[in-house]
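So you can see what is in the structure, the chains are spelled out below.
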Amino acid sequence: MPFEVPPLRYDYGALAPTIDEQTMRLHHDKHHQAYVDKLNEAVASDPSLQGRELTDILAKASSLPKVVRNNGGGHWNHSFFWDSMTPGGSQPNGRLADAIISRFGSLDAMQNEFNTAGVGQFGSGWVWLVGGSGGDLRIVATPNQDNPLMDVVDDGGTPILGNDVWEHAYYLTYNNRRADYLKAWWNVVDWGKADERFGAAR
Ligand code: MN
């Protein structure tokens, strides 16, 4: 099979109490696996998708069957998400920290804008910090499993960080309190990884 759920770089319980172990197990082993299984089924029955990079497929999302857009997006987004977090979190540094202050005024201001966009995403979706080739930064929210790499997203670009605001990402610990989850999530963000992505986007 062409696509696989990548293993976590940390234990299932290592992000607690920000993200509880049961949520991580269900989210990684069941939800993400289901996107990968459905994506592989779709690719197996469509030779035009075979042998291509997932990012290349997703870039043309406007012409994809829904099943490929949703499950391909689901696979890419979750792989990116696991890799955006680290036990104990970290502090912003380097060029990205400077760019955030220059664009938003402060780290707090960026996080507030990000959290507000996450709360404001109606229904299921994602909220992103996106970088452009000029080193600019912006906050983008997307529905379902869409992401800023897709041509269907107006303010697309290179994802630097992304948080999953589907209920399955937070409901066991936070119930309906999506705003509390968004606020707490910063405690486990891997800023080193984010800075690496920002460097590559420029
Ligand atoms: Mn999810």
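An account of the accompanying structure is given in this report. (Residues numbered from 1 in each chain as written. Predicted model: local features only at pLDDT ≥ 70, side-chain atom pairs only at ≥ 80, totals over all residues. Heavy atoms only, no water.)

For the structure on display, the rule yields ten salt bridges. Residues Asp 56 and Lys 60 are paired through a salt bridge, measuring 2.8 Å at the closest nitrogen-oxygen approach. Salt bridges sharing common partners tie together Arg 9, Asp 83, Asp 190, Lys 193 and Glu 196. (Salt bridge = Lys/Arg side-chain N within 4 Å of Asp/Glu carboxyl O.)

Mapped onto the secondary structure, Gly 131 falls in strand S1 (residues 125-131). Linking Gly 131 and Gly 94, residues 37 residues apart in sequence, is a C-alpha distance of 15 Å. (Helix = DSSP H or I, 4+ residues; strand = E, 2+ residues; numbered from the N terminus.)

Another aspect to go through is the coordination of the manganese ion. Protein-derived coordination of the manganese ion comes from His 27 (NE2), His 78 (NE2), Asp 164 (OD) and His 168 (NE2), at a distance range of 2.0 to 2.1 Å. On the primary sequence, the residues serving as donors to the manganese ion are separated as H-x50-H-x85-D-x3-H. Remark: His 168 occurs in the loop between strand S3 (158-164) and helix H6 (171-174) and His 27 occurs in helix H1 (residues 21-44); sequence separation between them is 141 residues. For the pair His 27 and His 168, a shared accessibility class is recorded, and that class is buried. (Donors = N, O, S within 2.8 Å, 3.2 Å for Na, K, Ca; no water. Buried < 20%, exposed > 50% of the residue type's maximum accessible area, 1.4 Å probe, protein only.)

Remember that the coordinates give geometry; whether it matters functionally is a separate question.
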